[in-house]
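Here is how the chains run, residue by residue.
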Amino acid sequence: MARTQALMIEIATGDARPISKQIVDGVRMKVATGDLVSGMQLPSVRGLAQQLGINPNTVAKAYAELTAEGWLESRQGLGLFVAAPRQRLSQAERDKRFDEAVTRFVHDVVALDLPADEVLERLGAELQACTPRKSA
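A. Up close: the overall build of the protein. Counting its regular elements, the protein contains 5 helices and 2 strands. N-terminal to C-terminal, the α/β element order of the protein is α-α-α-β-β-α-α. Every one of the 136 residues in the protein was classed for burial, and the buried ones make up 26%. In the protein, 57% of the contacts between residues at least 6 apart in sequence involve partners at least 24 apart. Taken as a whole, the protein presents about 9,400 Å² of accessible surface, with 56% of it coming from carbon and sulfur.

B. Spatial organisation of the environment of Pro-43. Within the secondary structure layout, Pro-43 lies in the loop between helix H1 (19–33) and helix H2 (45–52). Its relative accessible area of 8% is what places Pro-43 among the buried residues. Counting along the chain gives 36 residues from Pro-43 to Leu-7, while the straight-line C-alpha distance between them is 7.2 Å.

C. A look at the pattern of salt bridges. This structure, assessed with the given rule, holds 10 salt bridges. For the salt bridge of Lys-21 with Asp-25, the shortest nitrogen-to-oxygen distance reads 3.2 Å. Residue Lys-21 and its partner Asp-25 are both found in helix H1; the two are separated by 4 residues, about one turn of the helix. You can call Lys-21 partly exposed: its relative accessible area is 29%. Residue Asp-25 is classed as partly exposed on the basis of its relative accessible area, which comes to 21%. Through salt bridges that share partners, Asp-15, Arg-17, Lys-21, Asp-25, Arg-28, Glu-65 and Glu-69 make up one connected network.

D. A look at unusual backbone geometry. Within the chain, Asp-113 stands out as a residue other than glycine whose phi angle is a positive 55 degrees. On the secondary structure map, Asp-113 appears in the loop between helix H4 (91–110) and helix H5 (116–129).

E. The packing of H1 against helix H3 (residues 56–68), seen in detail. Following both chains from N to C, one finds H1 and H3 inclined at 45 degrees, their axes separated by 8 Å at the closest point. When the axes of H1 and H3 are compared, the pair comes out oblique. Crossing hand, H1 versus H3: right-handed. Facing H1, whose interface residues are Ile-19, Ser-20, Ile-23, Val-24, Val-27 and Arg-28, H3 presents Thr-58, Val-59, Lys-61, Ala-62, Glu-65 and Leu-66.

F. A look at the pairing of strand E2 (residues 79–82). As judged from the 4 bridges shared by strand E1 (residues 72–75) and E2, these two strands associate in the antiparallel manner. Bridge pairing in E2 links Leu-72 to Val-82. Connecting E1 to the next strand, E2, in antiparallel fashion are 3 residues, including Gly-77 with a positive phi near 80 degrees.

Procedures and definitions
- Residues numbered from 1 in each chain as written.
- Predicted model: local features only at pLDDT ≥ 70, side-chain atom pairs only at ≥ 80, totals over all residues.
- Heavy atoms only, no water.
- Helix = DSSP H or I, 4+ residues; strand = E, 2+ residues; numbered from the N terminus.
- Buried < 20%, exposed > 50% of the residue type's maximum accessible area, 1.4 Å probe, protein only.
- Contact = heavy atoms within 4.5 Å.
- Areas by Shrake-Rupley, 256 points an atom, 1.4 Å probe, with all protein chains shown as cover.
- Salt bridge = Lys/Arg side-chain N within 4 Å of Asp/Glu carboxyl O.
- Axes fitted to C-alpha atoms, helices over the stretch in contact; angles between N-to-C directions.
- Parallel < 35°, antiparallel > 145°, perpendicular 65-115°, else oblique.
- Left-handed = near helix turned anticlockwise from the far one by under 90°.
- Pairing = 2+ DSSP bridges.

Given below as structure tokens:
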């Protein structure tokens, strides 16, 4: 039987994103980087709400979104688990989200007046740090 995986995600009160969105983004990142692998059990709604010091309804909303998108799967009477890897978004949706993310990034960074080579170097280093880890 799978053990419950503690979710080591942080909620930033100053973040413009709603708390449920921060949870969704945090879980997605942990799955994408290999910190959470297929079959791992996540904390219960109450457990994560207590860990983060937030309302359980907020966690339930985030878990529902992640389940609807195929990141998590609910097993009757057992809890929530990381779903098996699959293509979760259509290519058109991936392209749309990528375009939006790049536009937001450029708008945020251009005001910093940094040289393009420095921006690309730092971006490359961050992407390298997020490369999925190989599991034994």
